[in-house]
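As a plain string of letters, each chain reads:
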Amino acid sequence: MSPTQVVVTVIVVVVVVLAALAAVAVRAGRRRALRQRFGPEYDRVVAEQDSRGAAERELRERERRHAELQLTPLAPESRARYAAAWEELQVRFVDSPGETVGDADELVTRLIADRGYPTGDFDDQVAHLSVEHARTLAHYRDAHEIRLRHERGEASTEELRQALVHYRALFADLLGADPVGHQPPEQRQPDHEHDVSSR
């Protein structure tokens, strides 16, 4: 092999290695970005799919579909109406827990629709919400599951109370503020007379 051929071979090998390293770096960067954006939802989708690659394709597809939505922020008056409606729900919980959880589901669904998200199929709804609200989706799923169990007559009053707390997590995330007291739940004192989460 001539010196020129050796040099050309070395250059080709170096270029191939650099291209492979760049591809690995790009893939790692995309993975890191998806993990940051989706948080616990990333791990959930990875566990549900056949491979990490399939899960990441699913999450990128969610981002693509989300980009097509016409999302709108709430006007201050709408935000205040929703917060008042939530406070009313919490007051009614004591006398009618099952009905209140159903009403909480309807109120959350109405808020989701007002923000511009589709509200048909639950799984499709969750997929759309996961792009910007992934950190509260576990709460929403738990609330939904408890509501379904209540419809089958299988949920206790304590579980219904927990469902309301779970609904409130997504509700506050969509609203942009805690609906009761307008501060995050962890900063609130648990002495509010009608605060279901403190019971």
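One structure accompanies this document, and this report is about it. Fair warning: this is a prediction, and the values are worked out from it, not measured in the lab.

Observations concerning the nonpolar core
No. 1: Formed by 30 residues in total, the largest nonpolar core has its most connected members in Trp 86, Val 108, Ile 112, Leu 129, Tyr 140, Tyr 167 and Phe 171.
No. 2: Contributing elements (two or more residues each) for this core: helix H4 (76-93), helix H5 (97-115), helix H6 (122-133), helix H7 (137-151) and helix H8 (157-175).
No. 3: At eight residues, H8 tops the list of elements feeding residues into this core.
No. 4: Membership of the second largest hydrophobic core comes to eight residues, among which are Phe 38, Tyr 42, Val 45 and Leu 59.

Some details on H5
No. 1: Here H5 spans 27 Å end to end across 19 residues, near enough to the 27 Å set by a 1.5 Å rise per residue.
No. 2: The set of residues buried in H5 consists of Pro 97, Gly 98, Thr 100, Val 101, Ala 104, Asp 105, Leu 107, Val 108, Leu 111, Ile 112 and Arg 115.
No. 3: Residues of H5 that are buried make contact with H4, H6, H7 and H8.
No. 4: Positive phi shows up at Gly 116, right after H5, with a value of about 110°.

So, how was this worked out
Residues numbered from 1 in each chain as written. Predicted model: local features only at pLDDT ≥ 70, side-chain atom pairs only at ≥ 80, totals over all residues. Heavy atoms only, no water. Core = buried A, V, L, I, M, F, W, Y, C linked by side-chain atoms within 4.5 Å. Buried < 20%, exposed > 50% of the residue type's maximum accessible area, 1.4 Å probe, protein only. Helix = DSSP H or I, 4+ residues; strand = E, 2+ residues; numbered from the N terminus. Expected span 1.5 Å × (residues − 1). Contact = heavy atoms within 4.5 Å.

No statement about biological role is implied by the geometric values presented.
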